[in-house]
Amino acid sequence: MSRSGTSGTSAPRGSLSPEERRTERSIALVRIAVVAVVADVYLISIGIRPAVRPLAPSVLVLAAVYAIWSLLARPDETMSPNRFQAATLLVDATLITLWLVATGGTNSEYWTLYLIALVAVAMRYSLVETFFSALGLAVLYVIVLSINGGASPAALLSRLPVLLIAGFALGVLAQQRRTHQVQRQLLAQIAEDRSQALAEEQALVARLREVDLAKSEFVAVAAHEFRTPLAAILGVFSTLRNHGDGLDPSLREELLVGAETQAQRLGRLVDDLLTVARIEDGALRLDVQPVEAEWLVSHAIQVSRTGDRVRADLDGVQTIWCDADHMVRVLTNLIDNARKYSPPDGTIFITVAQGPSTVSVSVRDEGPGIPKERRAEVFDRFRRLGEKPKKPGAGLGLYITRSLVEAHGGTIRVDEAPGGGADFNFTIPQAERDQPVSTDRPAAATAV
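Visitor: Please clarify how the environment of I116 should be interpreted in this entry.
Guide: Position of I116 relative to the elements: it lies in helix 5 (residues 113-124). Residue class for I116 comes out partly exposed when judged on its relative accessible area of 34%. When sequence neighbours within four positions are dropped, the list of residues in contact with I116 reads V30 and V34.

Visitor: Would you mind going over the packing of helix 1 (residues 18-45) against helix 2 (residues 55-72) with me for this structure?
Guide: The geometry of a pair of packed helices is captured by two quantities: the angle between their axes and the separation between those axes. It is at 8 Å that the axes of helix 1 and helix 2 come closest, and there the two elements cross at 160°. Of the possible angle classes, the one that applies to helix 1 and helix 2 is roughly antiparallel. Between helix 1 and helix 2 the crossing geometry is left-handed. The segment helix 1 lies against helix 2, with R25, A28, L29, R31, I32, V35, V38, A39 and Y42 engaging A56, P57, L60, A63, A64, Y66, A67, I68, S70 and L71. Broken down by class, the residue content of the contact of helix 1 with helix 2 amounts to 16 nonpolar, one polar and two charged.

Visitor: Would you mind showing me how to read the packing of aromatic side chains here?
Guide: Two numbers describe a pair of aromatic rings. These are the distance of the centres and the angle of the planes. Under the definition given, this model contains three aromatic pairs. Consider the rings of F131 and F132, whose centres lie 6.1 Å apart with planes at 80°: the pair is edge-to-face. We classify F132 as exposed; its relative accessible area is 52%. For the pair F379 and F424, a centre-to-centre distance of 5.9 Å together with 85° between the ring planes defines the contact as edge-to-face. In this pair, F379 sits in the loop between strand 5 (358-364) and helix 11 (397-407) while F424 sits in strand 7 (residues 422-429), placing the two residues 45 residues apart along the sequence.

Visitor: Got a minute to help me understand the side chain of H408 in this structure?
Guide: Note on placement: H408 falls in the loop between helix 11 and strand 6 (411-416). The buried category is assigned to H408, whose relative accessible area is 11%. Residues in contact with H408, not counting those within four places in the same chain, are L286, C322, D323, H326, M327, I428 and P429.

Visitor: Just checking my understanding: could you explain the environment of T261 for this structure?
Guide: Residue placement: T261 occurs in helix 8 (residues 249-281). As for T261 and A232, which are separated by 29 residues in sequence, their C-alpha atoms are 9.8 Å apart.

Scoring rules and cut-offs
Every chain is numbered independently, its residues counted from 1 as its sequence is written. Confidence filtering applies because this is a predicted model: local features only for residues at pLDDT of at least 70, side-chain atom pairs given and counted only at 80 or more, and all residues used for totals across whole chains, interfaces and linings. As a rule here, side-chain values cover all heavy atoms of the structure and leave hydrogens and water aside. Secondary structure elements are taken from DSSP: a helix is a run of H or I of four residues or more, a strand is a run of E of two residues or more, and numbering for both begins at the N terminus. Note on exposure labels: buried denotes an accessible area under 20% of the residue type's maximum, exposed denotes more than 50%, and partly exposed covers the range between, all computed with a 1.4 Å probe on protein chains only. Contacts are assigned to residue pairs with any non-hydrogen atoms lying within 4.5 Å of each other. Only the stretch in contact is used when fitting a helix axis, every axis being a line fitted to C-alpha atoms; angles between N-to-C directions are given from 0 to 180 degrees. By the definition adopted for this analysis, an angle is roughly parallel if under 35 degrees, roughly antiparallel if over 145, roughly perpendicular if from 65 to 115, and oblique otherwise. Handedness of a crossing is defined here by the sense of rotation of the near helix relative to the far one, left-handed for an anticlockwise turn of less than a right angle and right-handed for a clockwise turn. Classification convention: Asp, Glu, Lys, Arg as charged; Ala, Val, Leu, Ile, Met, Phe, Trp, Tyr, Cys, Pro as nonpolar; all other residues, Gly among them, as polar. When two rings of Phe, Tyr or Trp (its six-membered ring) have centres within 6.5 Å they constitute a pair, described as stacked for plane angles under 30 degrees, edge-to-face for angles over 60, and tilted for the intermediate range.

Taken by themselves, the reported measurements are silent on function.
Structure, rendered in structure tokens:
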């Protein structure tokens, strides 16, 4: 017999589904009830039916033990579900047959217990299995009758057709039950699919809202950040045009230097916005090569113009596998961030450490540090701590830094530095390749 699934949720192969477990428990409860009723009838009929043989109490006790065991047994642990169901059906038929022999054989009225066994079959299987089980029980009953001296033709004509008709009727009911179960499963699957589709649509709507909000935020931040350097540059041009001839040369030079600084700031902001666009579009490309660690650190210090404030410890690290331009930008962003939030005379510490298959870099400052509950959000786009940040910047530097580190397959975090301050440290994996070390790299743009 082939076991058929009866649950909307698939069970692992070799185990019963939740609904099949409930079916087995229901059958076990029916088995216990039948044994109790038969025992009660047997005790009442003692002395009235002389045909009852001494075998009857033993069969009854064995049936009671078996009924309790079937309620407590766990098919998944004792044997495979198919074998468990076949074995219990075989034991049911055997116990019923022994009980018939013990209670009179051809004269026993307990042959109707076969019908209850058929109910158990119908609860588990479909039409074909139930009908053939009825046919098998009818053959078994004929064998019992033959061993016990045979039965009258009237008994055979009345009992055997009842078994077969009951098997067919129960099989039809089982088939209808199975059809309804399949329909319920199908409806449940449709409902689940539609619920999942609805959840996906809701997630898409939420994502579109986030994108729309991000675009609005992007435009607002860009407009705000562009306004300051542009206003400064325009102010310098206006002053030079209206009063240039009468200005002191040193003042004119100071104005021009200020305009140049603001133009550089504007250029860095444009570069940051373009980098963010490439990162979010997935268009960022890396050229990973072995680069001298000393060149990376010294070039980042040079670009950030912090040579008088930085103390670097390379700890013997010679080369780092990375994209040189992007790694210089990572270091420059971290150095600029440390300088921005450190005291004017504060020192910035850079430490490089070699691991078995990684390189770790730490950039530590002597500033106020970052509260533990706010450390994760400092890497978010356009995120700056404080309700009204006093330091200049668009809140893109650390976001770009994290994205570039993750593009290298690494991770970055911020901890509290010893003695106070923030300690930004990142780790990137290293490749074992036999290639020349690159020392001549173009300068990388920085972000503020």
